[in-house]
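Observations on chain architecture
For reference, the chains in residue letters:
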Amino acid sequence: MKIGILTFHCAENYGAVLQCYATQEYLKSQGHEVCVIDYRPDYLLRPYQLIHTKRIKCSKPLQAVVNLSKELIHIPKRCYLKWVYRRFSTTHLALTKRVTATSIPAELEAYVVGSDQIWNPKLTKGFDDVYFCRFPFPKEGRKYIAYAASMEAKDIDEKGKKYYHDSLQGFDAVSVREQNLATLLQPLTHQPITKVLDPTLMVDPKVWDNFTCKERLPKKYVLVYQGRSSAHTLRIAKDIARQIDAEVVVLGTWLSLNSHLSYKSVSPEGFIHAIRNAACVVTTSFHGTAFSIIFGRPFYTVRLNDGADSRSQSLLTTLQLQHRMIDINDTPVFTPIDYDQPKAILETLRQQSQEFITKALG
């Protein structure tokens, strides 16, 4: 079957590109002809501009000059990150030619939207019809499948409810990544809403063995990876590093004005390598948590209480690892993780998630 994937593949973010790769590789392993539809909306590209005027805008002239100086200092690392993400995409993703919302290719037999927060209107600046398979051509027997779609929401307003109600009817199968989203959406459609694993967890873990990296890292280190930044995370990591006699390595997904220059910029392959070999991971990121579990690493996920913790909380609760989510003011005593039970649960969920895709594709 000819299948096109629509997701946030162009976001310069480790989780975004790696979940896309995982979906692609699983579908290919099942004998399908797979492509990643190269849809790059401006709202995904704008945050990763080399210099963004909003980042330096300030009413105080002196502060504006300071902000501009910080922006200019970060440009070399930002250029490097852009290069490694572009290299990863061209090397590992089967991209179509670049398209717009009105030129989505119509010659495919199935369209898989997801994973990532494709249904988060805060990120997509309102609902993006493309990620709901509302294309400029009739469906005519094509399959529309949502796999592990995600958003950060505790409720949906009336306008949103109508949009979801109307949009979900067009899908042949719908799955989401978090239980709270399944609970929110189920009353809006007769279509069953299934909870599945993020693609990075759903795919055979051996797929990550394809990536090798010569990134130079300390012999023993605590890795810090923050999707949302907090000084408490670094404090916790330093304390754990002291406990286990290790160094601290900080990865930056994108360098902001407040980024410390010692942040290490690595490729997506380097990200996998860094987590796989860490003595411990301290993270605020869902995919930082997910890859720690994939590689069986000790980790702590820091709860920032900013409304964006639900993705990690849902995963950890499902795998009975909720005790590894800590509050920002905690100072944990380092302990390893017994992965026997979580890995058994994960394998069952992996099979169920793969069965969802198989059944959805018919």
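Not measured: the values here are computed from a predicted model. (Residues numbered from 1 in each chain as written. Predicted model: local features only at pLDDT ≥ 70, side-chain atom pairs only at ≥ 80, totals over all residues. Heavy atoms only, no water.)

Okay, the packing of helix H9 (residues 268-276) against helix H10 (residues 286-294) next. Packing of H9 against H10 brings their axes to within 9 Å, and their N-to-C directions diverge by 55°. Comparing their axes, H10 and H9 come out oblique. Between H9 and H10 the crossing geometry is right-handed. Within the contact between the two elements, H9 uses Phe271, Ile272 and Ile275 and H10 uses His287, Gly288, Phe291 and Ser292. Here the residues of the contact of H9 with H10 sort into four nonpolar, three polar and no charged. (Axes fitted to C-alpha atoms, helices over the stretch in contact; angles between N-to-C directions. Helix = DSSP H or I, 4+ residues; strand = E, 2+ residues; numbered from the N terminus. Parallel < 35°, antiparallel > 145°, perpendicular 65-115°, else oblique. Left-handed = near helix turned anticlockwise from the far one by under 90°. Contact = heavy atoms within 4.5 Å. Nonpolar A, V, L, I, M, F, W, Y, C, P; charged D, E, K, R; others polar.)

Axes are the key here: two packed helices are described by the angle between their axes and the distance separating the axes. Running from N to C, H10 and helix H11 (residues 310-318) point in directions that differ by 25°, and their axes come no closer than 9 Å. Taken together, the axes of H10 and H11 lie roughly parallel to each other. Note on element contacts: H11 touches H10 through Arg311, Ser312, Leu315 and Leu316, opposite Phe286, Thr289, Ala290 and Ile293. For the contact of H10 with H11, the per-class residue count stands at five nonpolar, two polar and one charged.

Tracing the backbone through its elements, the reader meets threonine 124 in the loop between strand E4 (110-113) and strand E5 (143-149). A relative accessible area of 4% means that threonine 124 is categorised as buried. Threonine 124 sits 13 residues away from phenylalanine 137 along the chain, and the two C-alpha atoms are 22 Å apart. Apart from the residues within four sequence positions on either side, threonine 124 is in contact with Phe8, Tyr43 and Ile118. A polar atom in the side chain of threonine 124 sits 2.5 Å from the backbone oxygen of glycine 126. (Buried < 20%, exposed > 50% of the residue type's maximum accessible area, 1.4 Å probe, protein only. Polar contact = N/O pair within 3.5 Å; in protein donor to acceptor, adjacent residues only side chain to side chain.)

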